[in-house]
Amino acid sequence: MAAAIEAKKNGIDDIVILERDVQLGGILNQCIHNGFGLHTFKEELTGPEYAGRFMAEVKRLEIPVETGCMVLSISPEREITVVSRAQGLRVIKADAIVLAMGCRERPRGALNIPGTRPQGIYTAGTAQKMVNCEGYMPGREVVILGSGDIGLIMARRMTLEGAHVKVVAELMPYSGGLKRNIVQCLDDYGIPLKLSHTVVDIRGKRRLEGVTIAQVDARGVPVPGTEEDYACDTLLLSCGLIPENELSLTAGVSINRATNGPFVDDALETDVPGVFACGNVLHVHDLVDFVSEEAGRAGRSAAAYIRRQGQKANAPKVIRVQPGDGVRYTVPSTIDLNNMDGEVHLRFRVRDVYKGRSIRVLAGGEAIVTKKRKIMVPSEMEDVVLKRDALKDCDLTVEIGGGV
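Fair warning: this is a prediction, and the values are worked out from it, not measured in the lab.

## Considerations on the overall build of the chain
Moving on, step 1. A count of helical and extended segments in the chain gives seven helices and 29 strands.
Moving on, step 2. Taking 2.2 N^0.38 as the reference for a compact globule, 404 residues should give roughly 22 Å; the C-alpha atoms of the chain span a radius of gyration of 22 Å, in line with that estimate.
Moving on, step 3. Dimensions along the principal axes, computed over C-alpha positions, put the chain at roughly 70 × 60 × 40 Å.
Moving on, step 4. Out of the 404 residues belonging to the chain, those deemed buried represent 51%.

## Topic: the state of the cysteines
Moving on, step 1. This structure, assessed with the given rule, holds zero disulfides.
Moving on, step 2. No disulfide involves Cys103; its sulfur sits 11 Å from that of Cys31, the nearest cysteine.
Moving on, step 3. Cys103 sits in the partly exposed class, given a relative accessible area of 24%.

## Some remarks on the pairing of strand β25 (residues 343–350)
Moving on, step 1. Most of β25 is tucked away: seven of the eight residues are buried.
Moving on, step 2. As paired strands, strand β23 (residues 327–331) and β25 are joined by four bridges and run antiparallel to one another. Pairing of Val327 across the sheet is with Val350, part of β25.
Moving on, step 3. Judged from the six bridges that link them, β25 and strand β28 (residues 382–387) form a sheet pairing that is antiparallel. What sits directly across from Val344, in β28, is Leu386.

## Concerning the packing of aromatic side chains
Moving on, step 1. Under the definition given, this model contains four aromatic pairs.
Moving on, step 2. An angle of 70 degrees between the planes, with centres 5.5 Å apart, marks the rings of Phe41 and Tyr50 as edge-to-face.
Moving on, step 3. Note on Phe41: relative accessible area 26%, which makes it partly exposed.
Moving on, step 4. Judged by relative accessible area, Tyr50 falls into the buried class, the value being 1%.
Moving on, step 5. Residues Phe41 and Phe54 carry aromatic rings whose centres are separated by 5.9 Å and whose planes lie at 65 degrees to one another, so their mutual orientation is edge-to-face.

## So, the packing of helix α1 (residues 2–9) against helix α2 (residues 47–60)
Moving on, step 1. Relative orientation of the contacting elements α1 and α2 amounts to 35 degrees, with a least axis distance of 10 Å. At the point where α1 passes α2, the crossing takes the left-handed sense. Only Phe54, Glu57 and Val58 of α2 make contact with α1, whose side of the interface consists of Ala2, Ile5 and Lys9.
Moving on, step 2. Partitioned by chemical class, the residues of the contact of α1 with α2 number four nonpolar, no polar and two charged.

## Re the sheet that holds strand β27 (residues 366–376)
Moving on, step 1. Judged by pairing direction, the sheet is mixed, and its five strands sit side by side in the order β24-β22-β29-β26-β27 without closing on themselves. The outermost strands of the open sheet, each flanked by one partner alone, are β24 (334–336) and β27. Mean inter-strand twist for the sheet, computed between neighbouring axes without regard to direction, equals 20 degrees.

## Observations regarding the layout of surface pockets
Moving on, step 1. Taken as a whole, the second largest pocket spans an internal volume of roughly 840 Å³.
Moving on, step 2. Lining the second largest pocket are 34 residues; nearest its centre among them are Asp265, Ala267, Glu269, Arg308 and Asn339.
Moving on, step 3. Elements supplying a minimum of two residues to the lining of the second largest pocket: α7 (288–307), β24 and β25.
Moving on, step 4. For the lining of the second largest pocket, the element with the highest residue contribution is α7, accounting for seven residues.
Moving on, step 5. For the lining of the second largest pocket, a count of residues per class yields twelve nonpolar, nine polar and 13 charged.

## Let's talk about the nonpolar core
Moving on, step 1. Among the nonpolar cores identified, the biggest contains 53 residues, and Tyr50, Ile63, Ile74, Ile80 and Leu99 are the most heavily contacted of them.
Moving on, step 2. Counting residues per element, the ones that place at least two in this core are α1, α2, β5 (69–74), β6 (79–84), β8 (97–99), β21 (275–277), α7 and β23.
Moving on, step 3. In terms of residues, this core owes the most to one element, α7, which gives seven residues.
Moving on, step 4. Apart from residues lying up to four places away in sequence, Ile74 is in contact with Glu79, Ile80, Ile97, Leu99, Leu247, Thr250 and Ala251.
Moving on, step 5. Val327, Phe348, Ala363 and Ile400 belong to the second largest nonpolar core, which has 23 residues in total.

## Remarks on helix α5 (residues 179–186)
Moving on, step 1. Buried residues of α5: Asn181, Ile182, Cys185 and Leu186, and no others. In an axial view of α5, the angular spread of the buried residues amounts to 105 degrees, which keeps them on one side of the axis.
Moving on, step 2. Residues of α5 that are buried sit in contact with α4 (149–160), β12 (164–170) and β13 (193–195).

## Quick notes on the packing of helix α3 (residues 124–134) against α4
Moving on, step 1. Two numbers describe how α3 lies on α4: the axes approach to 9 Å, and their chain directions differ by 35 degrees. For α3 against α4, the interelement crossing comes out left-handed. Mapping the contact onto sequence places Ala124, Gly125, Ala127, Gln128, Val131 and Asn132 in α3 and Ile150, Gly151, Ile153, Met154, Arg157 and Met158 in α4.
Moving on, step 2. The residue inventory of the contact of α3 with α4, partitioned by class, reads seven nonpolar, four polar and one charged.

## Focus on the pattern of salt bridges
Where side chains of opposite charge bring their charged atoms close, a pairing between them can arise.
Moving on, step 1. Applying the stated criterion across every chain yields a total of 22 salt bridges.
Moving on, step 2. Glu161 is paired through a salt bridge with Arg157; the nearest N and O atoms lie 2.9 Å apart.
Moving on, step 3. Given the relative accessible area of 19%, Arg157 is considered buried.
Moving on, step 4. In this structure, Arg297 and Glu293 form a salt bridge, with 3.9 Å as the shortest nitrogen-oxygen distance. On the criterion of helical spacing, the pair formed by Arg297 and Glu293 is a turn pair, its members being four residues apart in helix α7.
Moving on, step 5. Judged by relative accessible area, which is 10%, Arg297 ranks as buried.
Moving on, step 6. Taking the relative accessible area as the measure of exposure, Glu293 reaches 26% and is therefore partly exposed.
Moving on, step 7. Connected via shared salt-bridge partners are Glu293, Glu294, Arg297, Arg347 and Asp383.

Procedures and definitions
- Residues numbered from 1 in each chain as written.
- Predicted model: local features only at pLDDT ≥ 70, side-chain atom pairs only at ≥ 80, totals over all residues.
- Heavy atoms only, no water.
- Helix = DSSP H or I, 4+ residues; strand = E, 2+ residues; numbered from the N terminus.
- Rg over C-alpha atoms; globule rule 2.2 N^0.38 Å.
- Buried < 20%, exposed > 50% of the residue type's maximum accessible area, 1.4 Å probe, protein only.
- Disulfide = S-S within 2.5 Å.
- Pairing = 2+ DSSP bridges.
- Phe/Tyr/Trp six-rings, centres within 6.5 Å; stacked < 30°, edge-to-face > 60°.
- Axes fitted to C-alpha atoms, helices over the stretch in contact; angles between N-to-C directions.
- Left-handed = near helix turned anticlockwise from the far one by under 90°.
- Contact = heavy atoms within 4.5 Å.
- Nonpolar A, V, L, I, M, F, W, Y, C, P; charged D, E, K, R; others polar.
- 1 Å grid on protein atoms, 1.4 Å probe; cavity = no way out; pocket = protein on both sides within 12 Å on 5 of 7 lines; lining within 4 Å.
- Points joined across faces, edges and corners; volume = space filled by probe spheres on them.
- Core = buried A, V, L, I, M, F, W, Y, C linked by side-chain atoms within 4.5 Å.
- Arc of directions from axis to C-beta.
- Salt bridge = Lys/Arg side-chain N within 4 Å of Asp/Glu carboxyl O.

Now the structure itself:
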C-alpha cells in the first residue's frame, strides 16, 4: 500500500494492488498489540490501526485493489500471471513491478526437531491468528521455542488469555527479538527465557504431552545431562522468518543468500529492470515503520523508472556495498552515484552481540562514516544514512570497528 501511494503521488495513475488475502493489511490485521507507528505517525497504534491509515489513503487516492487473487508467476518481461475467482486466469503486462510479498515463518520440518508428530505444535504466527482473528485457544500449557518477536508477543498474549507459558527456549546465546519485547512480554509476566537451549524431544501420540529441552554448546550441539522435561499441550515455534521470494525467482531476480531476498541497488531495483523489492520480501525487518518507509521509496523509484522510459538517462556509475567484519549483509548492495537521491539509507544486521563498538563505512580503506553504538545485536536492524557528497568513486565496505 505504501508503495502504491507513493507511486500515485509521483504521477502514476495506472496502478493496481494484487492481494492474496481477502482484505488489505497483511499480517498487521492479526497484530492487535500496540507499538506500531511511532516513527511514521508519531503515535502508538495497533497493527490494524496502522494498516487502516494506509487503507484510508489508498481509498482516498482511488487506487484499484484486487483481493483474493493469486499471482502464479512473473516473467522477466514483467508479465504477471494471476488467477482469481472473480476474473479467472489472466496476464497483466506491467511497466514496473514492486515486489512486496512479505515473509513466512520457518516450520517444524525445517528445524529437524526429533520426536513424535502430535497435534499441538504451531508456528507462533499461526497461533496468533487463531487467538486474535478466529477466537480459538491452541492450548493451555505452553512451551515456546525461539525468541523472535512473534514468539515473545505470543507468550504475553497466551498468558493474558489464561494459558500458562512455562518457558521460552532460544538456541542462540542472545534473543532473536527486540529488547522491549523481552521486558514487556516475558519479564513483566515472570516467564523465563533460557538462552543456548533447544527442544531435543517431543512426546505424545495424538496430542502433545510434553517436550524436553537441553542446553547447547557453542556449536549448537545439546549438552548431555542438561535435559529438562516440561509437561505441555502446546509448542509454539518462533524460529525465524523467510522472505517469500518464489515469484521473484520466476522473474529471474538474483537472490542474496544472506538475506534470502533480492539484491537491490539504492533505488531498490533488482537486477531485472523495472522490478523493485521492499519490506520483508527484501530482508526481514524489526519495525513495520521501516517497512513502510522502504516501500514508499520503492514506489517513488518505480514511478521514476516509468517516467524516464524513452528519455536519455545519465550514464550509470555503480559502486558496490560489501559487508565487512561483523556485518551479515547490506541493503542496498550497489549504489548508482550518477542517479541516486541526495542520500541513501544503508541497512544491515550484525553477526553477533557487540558492546561499546562502532559502525564504520569505508571507501577505499578510508572511513567516511563512523557511528558509535553502545550495543548492537543481530535482532535489531542498523541504519546508516550516506550523503551523496560524501561518497567517492570506489566501493564501500561496512564493518564493525573497535571500541568507543
